[in-house]
Amino acid sequence: HLLMGYNVPFDLAILRREYTLAQLPPPIVQSLDLFQLVAGLDPDMEAFSLDRLADYWGVEIRGRHTALGDALVTAELYRLLLPRLESEGIETLGQLIALCQRAKGVLRRQKEAGW
């Protein structure tokens, strides 16, 4: 399974905490973070919030800060990124994960936040 979202390390930290509180082992989840993807493609965008990315690409936000609303915006932004990813020769999950690793500033801030 693959979990994709915006600022996914935060969501995974919450899930790990809840599993721990329930005294259950947290699941091992492979994830893809749109925030890291965007910053990996364009480091100048690493300070962009989900709202700002949506505005930049003209994506209407409905139900911001709800699971469904944020998921729909994230999915649409990812769809809009696909041509750019293709033009960069990125075709596999491994290549997407490597691209995320190029987002050094985002990764550092997420780690500092404890995610």
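Note: the structure precedes this text.
Residues numbered from 1 in each chain as written. Predicted model: local features only at pLDDT ≥ 70, side-chain atom pairs only at ≥ 80, totals over all residues. Heavy atoms only, no water.

Packing of helix α3 (residues 50-57) against helix α4 (residues 67-87) leaves a shortest axis separation of 11 Å and a crossing angle of 50°. By the angle between their directions, the pair α3 and α4 is classed as oblique. Of the two possible hands of crossing, α3 and α4 adopt the one that is left-handed. Contact with α3, carried on its side by Leu50, Leu53, Ala54 and Trp57, involves Asp70, Val73, Thr74, Leu77, Leu80 and Leu81 of α4 and no other residues of that element. Across the contact of α3 with α4, the residue classes tally to eight nonpolar, one polar and one charged. (Axes fitted to C-alpha atoms, helices over the stretch in contact; angles between N-to-C directions. Helix = DSSP H or I, 4+ residues; strand = E, 2+ residues; numbered from the N terminus. Parallel < 35°, antiparallel > 145°, perpendicular 65-115°, else oblique. Left-handed = near helix turned anticlockwise from the far one by under 90°. Contact = heavy atoms within 4.5 Å. Nonpolar A, V, L, I, M, F, W, Y, C, P; charged D, E, K, R; others polar.)

Describing an aromatic ring pair means giving the distance of the ring centres and the angle of the ring planes. Summed over the entire model, instances satisfying the criterion amount to four aromatic pairs. Aromatic pair phenylalanine 10 and tryptophan 115: ring centres 5.2 Å apart, planes at 70°, arrangement edge-to-face. With phenylalanine 10 in helix α1 (residues 8-21) and tryptophan 115 in the segment after α6 (104-112), this residue pair connects regions lying 105 residues apart in the sequence. Look at phenylalanine 10 and you get partly exposed, because its relative accessible area is 37%. Seen in terms of ring centroids, phenylalanine 48 and tyrosine 56 are 6.0 Å apart; in terms of plane orientation they differ by 70°. Their pairing is edge-to-face. The class of phenylalanine 48 is buried, set by a relative accessible area of 9%. Among the aromatic residues, ring-to-ring pairing joins Phe48, Tyr56 and Trp57 into one connected group. (Phe/Tyr/Trp six-rings, centres within 6.5 Å; stacked < 30°, edge-to-face > 60°. Buried < 20%, exposed > 50% of the residue type's maximum accessible area, 1.4 Å probe, protein only.)

Attention now goes to the packing of helix α2 (residues 34-41) against α6. Contact geometry for α2 and α6: axes closest at 8 Å, N-to-C directions at 145°. The residues of α6 that touch α2, namely those facing Phe35, Gln36 and Ala39, are Val106, Leu107, Arg109 and Gln110. Tallied by class, the residues present in the contact of α2 with α6 amount to four nonpolar, two polar and one charged.

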